[in-house]
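Results of the structural survey
Chain by chain, the residues:
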Amino acid sequence: MTKVKKEKVAAADPEEAAAAGGNEKSYQELVANVNPISQPLASRKLSKKLYKCVKKAAKVKNIRRGVKEVQKFINKGEKGIVVMAGDTLPIDVYCHLPVMCEDRSLPYAYIPSKVDLGSSAGSKRPTCVILIKPHQDYQDAYDECVEEVSNLPKPL
């Protein structure tokens, strides 16, 4: 049994690319499916930066993944950026985390897709919450993300 490589199709239209097997959704399509509590929602640019930071943190095993684990380490006083997926249902699964983050003055942001969040963490499984801990290997990218996430307007 050998793996068969898929041929890349260079299509001029995004519709043709989607029909050729690319199931990538645009940012606008993903934003259409987010929850009403998903505020502050990261922009397309900030989402890409957060995905890259998660990827770098996952390489050095410096992330906490999942609601249970993130909640436990927030309670223990661990610092970092909390990234939550906006398309998680039911909302009750993680609606208490923003309050916990605000109480401990942790920066947090929502991104549109839990599938993209899970894949950027190096997992095939979607995940709805990730805590990115600071590390020297990706400190400049981390600092940039912290600054931008902190500047996002908080919900009332």
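Residues numbered from 1 in each chain as written. Predicted model: local features only at pLDDT ≥ 70, side-chain atom pairs only at ≥ 80, totals over all residues. Heavy atoms only, no water.

Rule in force here: UniProt positions are given in the numbering used here, feature names are shortened, and annotations may be inferred rather than shown by experiment.
Under an unreviewed UniProt entry, the name given to the chain is H/ACA ribonucleoprotein complex subunit 2, and the organism recorded is Scophthalmus maximus. Under the UniProt heading Subcellular location (unreviewed entry), the entry covering the chain gives this text: "Nucleus, Nucleolus". Listed in UniProt under the heading Sequence similarities (unreviewed entry), the comment for the chain reads: "Belongs to the eukaryotic ribosomal protein eL8 family."

**Structural notes on helix α3 (residues 44-59)**
Heads up, the rule is: Starting at the N terminus, helices and strands are each numbered in turn, a helix being any DSSP run of H or I of at least four residues and a strand any DSSP run of E of at least two. In this analysis, the expected span of each helix is defined as 1.5 Å times one less than the number of residues it contains. Burial classes: relative accessible area under 20% of the type maximum marks a residue as buried, over 50% as exposed, and values in between as partly exposed (1.4 Å probe, protein chains only). Along the arc lie the directions from the helix axis toward the C-beta atoms.
Under the 1.5 Å per step criterion, the end-to-end length of α3 is 23 Å for 16 residues, consistent within 8% with the ideal 22 Å. Every buried residue of α3 is listed here: L46, S47, L50, Y51, C53, V54, A57 and A58. Down the axis, α3 shows its buried residues gathered within 165 degrees of arc, on one side only. More than 90 degrees from the buried face of α3, the exposed residues found are K45, K48, K52 and K59. Among the residues trailing α3, K61 stands out with phi positive, at a value near 55 degrees.

**Describing the sheet that holds strand β1 (residues 63-65)**
The line we're drawing: At least two DSSP bridges between two strands are required for those strands to pair. Whenever a helix is involved, its axis is fitted only over the stretch in contact; in every case the axis is a line through C-alpha atoms, and angles between N-to-C directions fall within 0 to 180 degrees.
Pairing within the open sheet is mixed, and its four strands lie in the order β1-β4-β2-β3. Both edges of this open sheet fall to β1 and β3 (108-111), since each of them pairs with a single strand only. Strand-to-strand, the axes of this sheet are offset by a mean angle of 20 degrees, without reference to chain direction. Strand direction decides the pairing type here: strand β2 (residues 81-85) and β3, joined by four bridges, are parallel.

**Looking at the pairing of strand β4 (residues 129-132)**
With burial as the criterion, each face of β4 is covered, one bearing V129 and L131 and the other bearing I130 and I132. Pairing between β1 and β4: three bridges, direction antiparallel. Pairing of R64 across the sheet is with L131, part of β4. As judged from the four bridges shared by β2 and β4, these two strands associate in the antiparallel manner. Directly across from V83, in β4, lies its bridge partner I130.

**Quick notes on the pattern of salt bridges**
Here is the rule: Salt bridge, as applied in this entry: a Lys or Arg side-chain nitrogen positioned within 4 Å of an Asp or Glu carboxyl oxygen.
Counted under the stated rule, the structure contains four salt bridges. When the shortest N-O distance is used, the salt bridge between R64 and E69 registers 3.7 Å. According to the relative accessible area criterion, E69 is partly exposed, its value standing at 28%. Several salt bridges converge on common partners, so that one network encompasses K49, E144 and E148.

**Structural notes on the packing of α3 against helix α7 (residues 139-150)**
Applied cut-off: Every angle not falling under 35 degrees, over 145, or within 65 to 115 is termed oblique; those three ranges are roughly parallel, roughly antiparallel and roughly perpendicular. Definitions for this section: a left-handed crossing has its near helix turned counterclockwise from the far helix by less than a right angle. A right-handed crossing has that turn clockwise. Residue contacts follow a heavy-atom distance rule, with two residues in contact if any of their heavy atoms lie within 4.5 Å. Amino acids outside the nonpolar list (Ala, Val, Leu, Ile, Met, Phe, Trp, Tyr, Cys, Pro) and the charged list (Asp, Glu, Lys, Arg) are all regarded as polar, and Gly is one of them.
Between α3 and α7, whose axes approach to 10 Å, the crossing angle comes to 140 degrees. Classified by the angle their axes make, α3 and α7 are oblique. Two packed elements cross with a definite hand, and for α3 against α7 that hand is left-handed. Touching L46, K49, L50, C53 and K56 of α3 are A141, Y142, E144, C145, E148 and V149, all from α7. Residue composition of the contact of α3 with α7, by class: seven nonpolar, no polar and four charged.

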